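Survey of secondary and tertiary structure
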Amino acid sequence: MNIQFEQIIKEYHPILFKIGRVYSSDYDFDDLYQEMLINIWKGYNNFKGDSKLSTWVYRVALNTALTFKRDNSKHNKNEKWVHHFDIPDTHSNKEVEETERKIKRLYEAIGKLKADQKAIILLYLDKKSYDEISEITGLSESNVGVKINRIKKKLFNLLSH
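Residues numbered from 1 in each chain as written. Predicted model: local features only at pLDDT ≥ 70, side-chain atom pairs only at ≥ 80, totals over all residues. Heavy atoms only, no water.

1. Focus on the overall build of the chain
So the rule is basically this: Under the DSSP-based scheme used, a helix requires at least four consecutive residues in state H or I and a strand at least two consecutive residues in state E, with every element numbered from the N terminus. Type-normalised accessible area, obtained with a 1.4 Å probe on protein chains alone, sets the label of each residue: buried when under 20%, exposed when over 50%, and partly exposed for intermediate values. Any pair of residues with heavy atoms lying within 4.5 Å of one another is described as a contacting pair. Surface exposure here means Shrake-Rupley accessible area, sampled with a 1.4 Å probe, where a residue is shielded only by the protein chains that are shown.
The secondary structure content of the chain amounts to 7 helices and 0 strands. In the chain, the order of α-helices and β-strands from amino to carboxyl end is α-α-α-α-α-α-α. Every one of the 161 residues in the chain was classed for burial, and the buried ones make up 37%. The long-range share in the chain, meaning contacts at least 24 apart out of those at least 6 apart in sequence, stands at 65%. Approximately 10000 Å² of the chain is accessible, and the part contributed by carbon and sulfur atoms is 50%.

Here is the structure:
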């Protein structure tokens with residue numbers, strides 16, 4: 001089991017990292033990341049293979065992040081929790097710098113969305129199908145489509161200002 005767990009963490013680290021960054025602040029990212037790992041470790045023995053492993057990992061990570069955010073928001077009402085990505089200024093290429101700036105703005109805008117909207121748009125940005133997003137979130141596929149369109153419009157409005 002130990003080797004399997006290590007393989008899962010290696011394979012799904014980018015997913016966990018992305019979810020952790022969107023649902024935490026600088027000061028509590030490590031705590032959330034560790035909590036996601038603990039919950040995956042605890043729950044792995046109960047994984048029966050009814051869904052794909054990636055779906056199960058997403059579900060555990062998102063549920064952990066939502067619970068973590070809810071629990072920590074009670075204690076940190078005045079804390080601005082949107083993570084500001086530190087992008088090193090080592091590139092001289094203007095196009096690369098512009099792309100990095102746009103990505104930073106996008107993630108800051110995503111940070112302003114409601115928790116369920118963040119989950120859906122992160123899955124969408126990870127190129128998950130509506131079916132996979134439906135399975136992970138528990139929403140119908142048609143509802144997923146509607147929500148994605150609304151989230152895109154909201155992000156467009158946030159990024160236009």
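2. So, the packing of helix H5 (residues 115–125) against helix H6 (residues 130–137)
Worth spelling out the cut-off: To get an axis, a line is fitted to the C-alpha atoms, and for a helix only the part in contact is used. The angle between two axes follows their N-to-C directions and goes from 0 to 180 degrees. Each crossing gets its handedness from the near helix: less than a right angle anticlockwise from the far helix is left-handed, clockwise is right-handed. Three classes are used, and their members are as follows: Ala, Val, Leu, Ile, Met, Phe, Trp, Tyr, Cys and Pro are nonpolar, Asp, Glu, Lys and Arg are charged, and the others, Gly among them, are polar.
Following both chains from N to C, one finds H5 and H6 inclined at 145°, their axes separated by 10 Å at the closest point. At the point where H5 passes H6, the crossing takes the right-handed sense. Contact residues: H5 offers Ile-120, Leu-123 and Tyr-124, while H6 offers Tyr-130, Ile-133, Ile-136 and Thr-137. Of the residues assigned to the contact of H5 with H6, the class counts are 6 nonpolar, 1 polar and no charged.

3. So, the nonpolar core
Note the following rule: For the purposes of this section, nonpolar cores are sets of buried Ala, Val, Leu, Ile, Met, Phe, Trp, Tyr and Cys residues that join through side-chain atoms within 4.5 Å.
Counting residues in each nonpolar core, the largest one holds 38 residues, and the members touching the most others are Leu-16, Ile-19, Tyr-23, Ile-40 and Leu-62. Of all the elements in the fold, those that place two or more residues in this core are helix H1 (2–23), helix H2 (29–44), helix H3 (53–73), helix H4 (94–111), H5, H6 and helix H7 (141–160). Broken down by element, this core gets its largest block of residues, 9 residues, from H1. Setting aside residues no more than four positions away along its own chain, Ile-40 makes contact with Phe-5, Ile-8, Leu-16, Trp-56, Val-57 and Val-60.

4. Focus: H4
We apply this condition: Helix span is expected to be 1.5 Å times the residue number reduced by one.
The terminal C-alpha atoms of H4 lie 26 Å apart, and with 18 residues this matches the ideal 26 Å at 1.5 Å per residue to within 8%. Among the residues of H4, Glu-100, Tyr-107, Ala-109, Ile-110 and Gly-111 are the ones counted as buried.

5. With respect to unusual backbone geometry
Notably, Lys-127 is not glycine yet its phi reads approximately 65°, a positive angle. With respect to the helices, strands and loops of the structure, Lys-127 is situated in the loop between H5 and H6.

6. What to know about the confidence of the model for the chain
Using the following cut-off: The predictor rates its confidence in each residue with pLDDT, a number between 0 and 100.
Residues of the chain with pLDDT of at least 70 account for 84%, and the chain-wide mean is 82. The weakest mean pLDDT in the chain belongs to H4 at 81; the strongest belongs to H7 at 94. Scored below 50 in pLDDT, residues 77–91 makes 30 contacts in the model with residues more than four places away or belonging to other chains.

7. Points about the side chain of Thr-55
Turning to its location among the elements, Thr-55 is positioned in helix H3. The exposure class of Thr-55 is buried, given its relative accessible area of 1%.

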